[in-house]
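Report on the structure
Here is what each chain is made of, one letter per residue.
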Amino acid sequence: MTAELVWPVAALLGEGPLWVAEDQCLWFVDIKQGRLHRFTPPSGARESFAIGGQPSFVVPARGGGLVIGSSLGLFDFRPEAGPTPLAEVPATPGDRTNDACVDPAGRLWFGTMHDAEQDPTGRIWRFTPGAGAPVPLAGDCAITNGPAVSPDGAWLYHVDTRAGLIWRHALRDDGALGPGETFAEIAPRQGHPDGIVCDAEGGLWVALWGGAAALRFAPDGRVTDRVALPCAQPTKLALGGPNFRTAYVTSAAIGLDPAAHPDAGGVFAFEVAVPGFASPKVAR
């Protein structure tokens, strides 16, 4: 599995890739430049939207459009209309949203983190449209990543990036979480676990910030694949393409010397053996 650069977008902090099968396109954000990007591989089209704030994730919504997390807010988004406020996140001042996913029931799961990456105020939140404000259920770390939900909806994973830990909880039908257990621990020499995504077999891919690589874990925690990446700071994968067998990887240029890392902040792609699946959509 060899990765290639598909868009040298030079994102300062590229994150949150989302594949939308209906449109055969990849959405992702640049947190620190307040931008939302769309890449359509069949045509090669590349579009950028300046939306301000700190957009950290993008997920699909039922009935069309997207939901974006930015700073401490959730927003509906349509390209022709821009962002519309959806809900406020009652998190600790100084925190911001980070990564997110949607479970099969249409509930939005997302993380918050300390924007200065120091205080352990980060949480994992559940937002059920129509059921009030987002609710914190897990986390307690400075930098949350994930969450990701297994394709059968049985498990929710999330990451404590600074501790190098990937956690797993049973996800109950009512949206409650079972006790957390350590799913995987990544040694600092390998890099720091960043964004995660599940594939159709329940395997879990994680990008290794500072490790220039991505790992795939089987559902039992065994490492099955390691892919070297031509970027020092990969942030997250999305599994897309016509058969969900193309892994698209966002990355970050923040803190790197452009001369030494000319492709930093780009989007990369490689092929995988186990396909992904279409993301569930946030209920309306």
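The model shown is predicted, which means the values in this text are computed figures rather than measured ones. (Residues numbered from 1 in each chain as written. Predicted model: local features only at pLDDT ≥ 70, side-chain atom pairs only at ≥ 80, totals over all residues. Heavy atoms only, no water.)

Considering all chains together, one arrives at twelve aromatic pairs under this definition. Aromatic side chains W7 and F28 sit 5.6 Å apart centroid to centroid with 85° between the ring planes, which places their arrangement in the edge-to-face category. Taken together, the positions of W7 in strand 1 (residues 4–7) and F28 in strand 3 (residues 25–30) put the pair 21 residues apart, joining distant regions of the chain. With a centroid separation of 6.3 Å and 80° between ring planes, the pair formed by W27 and F77 is classed as edge-to-face. Taken together, the positions of W27 in strand 3 and F77 in strand 8 (residues 73–78) put the pair 50 residues apart, joining distant regions of the chain. Just as W27 is buried, F77 falls in that class too. Here the aromatic residues W7, W19, F28, F39 and Y248 are joined through ring pairs into a cluster of three or more. One cation-aromatic arrangement involves R168 over W155; the distance from NZ or CZ to the ring centre is 3.9 Å. (Phe/Tyr/Trp six-rings, centres within 6.5 Å; stacked < 30°, edge-to-face > 60°. Helix = DSSP H or I, 4+ residues; strand = E, 2+ residues; numbered from the N terminus. Buried < 20%, exposed > 50% of the residue type's maximum accessible area, 1.4 Å probe, protein only. Lys NZ or Arg CZ within 6 Å of the ring centre and 35° of its normal.)

Below, the discussion takes up the layout of surface pockets. Reported here for the largest pocket is a volume of approximately 400 Å³. Around the largest pocket sit 30 residues that line it, and L18, C101, V197, K236 and S279 are the ones nearest its centre. Going through the elements one at a time, strand 2 (14–20), strand 6 (55–60), strand 10 (95–102), strand 14 (144–149), strand 18 (192–198) and strand 22 (234–240) are the ones with two or more residues in the lining of the largest pocket. Its residues assigned to classes, the lining of the largest pocket comprises 24 nonpolar, four polar and two charged. Of the voids in this model, the second largest pocket is the one considered here, and its volume is about 310 Å³. (1 Å grid on protein atoms, 1.4 Å probe; cavity = no way out; pocket = protein on both sides within 12 Å on 5 of 7 lines; lining within 4 Å. Points joined across faces, edges and corners; volume = space filled by probe spheres on them. Nonpolar A, V, L, I, M, F, W, Y, C, P; charged D, E, K, R; others polar.)

The next thing to look at is the sheet that holds strand 7 (residues 66–70). Hydrogen bonds between backbone atoms are what pair the strands of a sheet, whose relative direction is either parallel or antiparallel. Strand order in the open sheet formed by four strands is 6-7-8-9, with antiparallel pairing between adjacent strands. The sheet terminates laterally at strand 6 and strand 9 (82–88), the two strands that pair on one side only. Between one strand axis and the next, the sheet turns by 30° as a mean value, whatever way the strands run. Relative to strand 9, strand 8 runs antiparallel, the two sharing six bridges. By the bridge assignment, L74 is partnered in strand 9 with A87. (Pairing = 2+ DSSP bridges. Axes fitted to C-alpha atoms, helices over the stretch in contact; angles between N-to-C directions.)

Mapped onto the fold, Q54 is located in the loop between strand 5 (45–50) and strand 6. Here K32 takes part through its side chain, which lies 2.8 Å from a polar atom of the side chain of Q54. Apart from residues lying up to four places away in sequence, Q54 is in contact with I31, K32, G69, S70, S71, R96, T97 and D115. (Polar contact = N/O pair within 3.5 Å; in protein donor to acceptor, adjacent residues only side chain to side chain. Contact = heavy atoms within 4.5 Å.)

All told, the structure shown has twelve salt bridges when counted by the stated rule. Across the pair E47 and R38 runs a salt bridge whose closest N-O atoms are separated by 2.8 Å. Under the relative-accessibility criterion, R38 is labelled buried at 18%. Between D220 and R222 there is a salt bridge, with the nearest N and O atoms lying 2.8 Å from each other. One network of salt bridges, with partners in common, ties together K32, R96 and D115. (Salt bridge = Lys/Arg side-chain N within 4 Å of Asp/Glu carboxyl O.)

Within the open sheet, the four strands sit side by side as 18-19-20-21. Their pairing is antiparallel. What marks the edges here is a single partner per strand, and that holds for strand 18 and strand 21 (223–228). Within the sheet, the average angular offset between the axes of one strand and its neighbour, ignoring direction, is 20°. Summarising the sheet, strand 18 and strand 19 (residues 204–209) pair through five bridges and their orientation is antiparallel. Paired with V197 across the bridge in strand 19 is W205.

Here the focus is the side chain of K236. Residue placement: K236 occurs in strand 22. Within the structure, K236 has its side chain in polar contact with the side chain of D99 (distance 3.0 Å). Excluding its chain neighbours within four sequence positions, the residues that come into contact with K236 are E15, G16, P17, D99, A100, G195, I196, A207, Y248, V249 and T250.

Here G146 and P147 are connected by a cis peptide whose omega angle stands at 5°. Tracing the sequence through the fold places P147 in strand 14. One non-glycine residue, S71, lies in positive phi territory at about 55°. Tracing the chain through its elements places S71 in the loop between strand 7 and strand 8. The phi dihedral of E117 falls on the positive side, at around 65°, and the residue is not glycine.

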